Amino acid sequence: MTFPANAYLLAFLGGALGTAVSLPLWRAWCVRTGLVDDPGHRKIHDTPIPLAGGLAVLTGLLVPLLLGAAALQFNLLPAGAVEKISYGFERRGLQLAAILVGALGMVVLGWLDDRHELRAGPKFATQLGIALLVALAGVRIKLFPQHPLSPFLSYGVTVAWILTVITAVNIMDNMNGLCAGLGSLGAGAFAAIAALQGQYLVASLALLAAGALAGFLPFNYPKASAFLGDSGSHLTGFLLAVLAILPHFYTTQNPRPLAVLAPLLVLAVPLGDMVCVMWIRWRAGKPVWVGDTNHLSHRLVRWGLGKPQAVAIILGLHAAACGAAVWLGS
């Protein structure tokens, strides 16, 4: 029996509605507490903007999950979905708990950074701890399973992957709609790959993330009444990094070795942008971690495009890469 498509629709819509309904409340709270992004150097706005996006997207994730857990408990999900979702929870319950703790940790870390501009050392140490927690829970990239050092390689590669993706996504949060758009499309691609392979819980979780990020876009693109902030960009990067690990890209039912490249295709745009920007900074003799305006989005604007058009072009490239990844992964 195929998984009910309306359960997938509920996951996406639940995430989108959770974010959209909660965002005005979080925006008012941010204004009241002074959690806003003031105009300044390299900023794209001239008035203070509430940093409410990360809190709203997290709400869009957690509220549907709580409602879904209650619906599962009382057998209220669409016919045929309960057994499959329950089986997924039994197999991945610990992983899901670690992912939720990690998502909350990333939002808290980003919120503290938005508020206090944390030093690089404590910030990196916290990111490292969250990535290690997720890896210890079983969300790991498994390479060379027959090699005696495979467990150590698995933990090291997983932690490095999560930290790299978080960094790549975080530094692409430089124009309205760009980070949330990349996140929503990327999560949707991972959902499609998982759904085509019959991985129902992973697909539902990815669609929930895609919906939660999509629900933020009307408030952020083309004109922003709220920003993701570091809390939102950290959360987006963390979700994409984890969703790239959860699906089984190579299985006995899908013995296609090239399918393992699908996550790199989904994340080709943010990873490619990060590599190019750091290369430019290194060639110029500047620290690679110091921000500048050499990102693809900035270059498109310097070539004469408006900012919304530049974002649309980048999202178009990202969508094409995601489509190729779905084809490769299925």
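Here is what the cut-offs are and how they apply
Residues numbered from 1 in each chain as written. Predicted model: local features only at pLDDT ≥ 70, side-chain atom pairs only at ≥ 80, totals over all residues. Heavy atoms only, no water. Helix = DSSP H or I, 4+ residues; strand = E, 2+ residues; numbered from the N terminus. Buried < 20%, exposed > 50% of the residue type's maximum accessible area, 1.4 Å probe, protein only. Contact = heavy atoms within 4.5 Å. Areas by Shrake-Rupley, 256 points an atom, 1.4 Å probe, with all protein chains shown as cover. Phe/Tyr/Trp six-rings, centres within 6.5 Å; stacked < 30°, edge-to-face > 60°.

I tried to follow the overall build of the protein chain on my own but got confused; where do I start?
Scanning the protein chain from terminus to terminus reveals 12 helices and 2 strands. Going from N to C terminus, the protein chain has its helices and strands arranged as α-β-β-α-α-α-α-α-α-α-α-α-α-α. Relative to its full complement of 330 residues, the protein chain shows a buried share of 48%. A sequence separation of at least 24 residues applies to 75% of the contacts in the protein chain between residues at least 6 apart. Surface accessibility of the protein chain: about 15600 Å² in total, with carbon and sulfur atoms responsible for 69%.

Looking at this structure, I do not really get the environment of Asp230. What am I missing?
Structurally, the position occupied by Asp230 is in helix H8 (residues 229-243). Separated by 120 residues in the primary sequence, Asp230 and Gly110 place their C-alpha atoms 4.5 Å from one another. Ignoring anything within four residues of it in the chain, the contact list for Asp230 reads Gly110, Asp113, Asp114, Lys123 and Asn170.

In this structure, what is going on with the packing of aromatic side chains? I would like to understand it.
What describes a pair of aromatic rings is the distance from one ring centre to the other and the angle between the planes of the rings. Under the defined criterion, the tally for this structure stands at 2 aromatic pairs. An angle of 90° between the planes, with centres 5.8 Å apart, marks the rings of Trp26 and Trp29 as edge-to-face. One end of the pair, Trp26, and the other, Trp29, are both in helix H1 (residues 5-33), 3 residues apart, so they sit about a helical turn from each other. Seen from their ring centres, Trp279 and Trp282 are 5.3 Å apart, and the 35° between their planes marks the pair as tilted.

None of this, on its own, says anything about what the molecule does.
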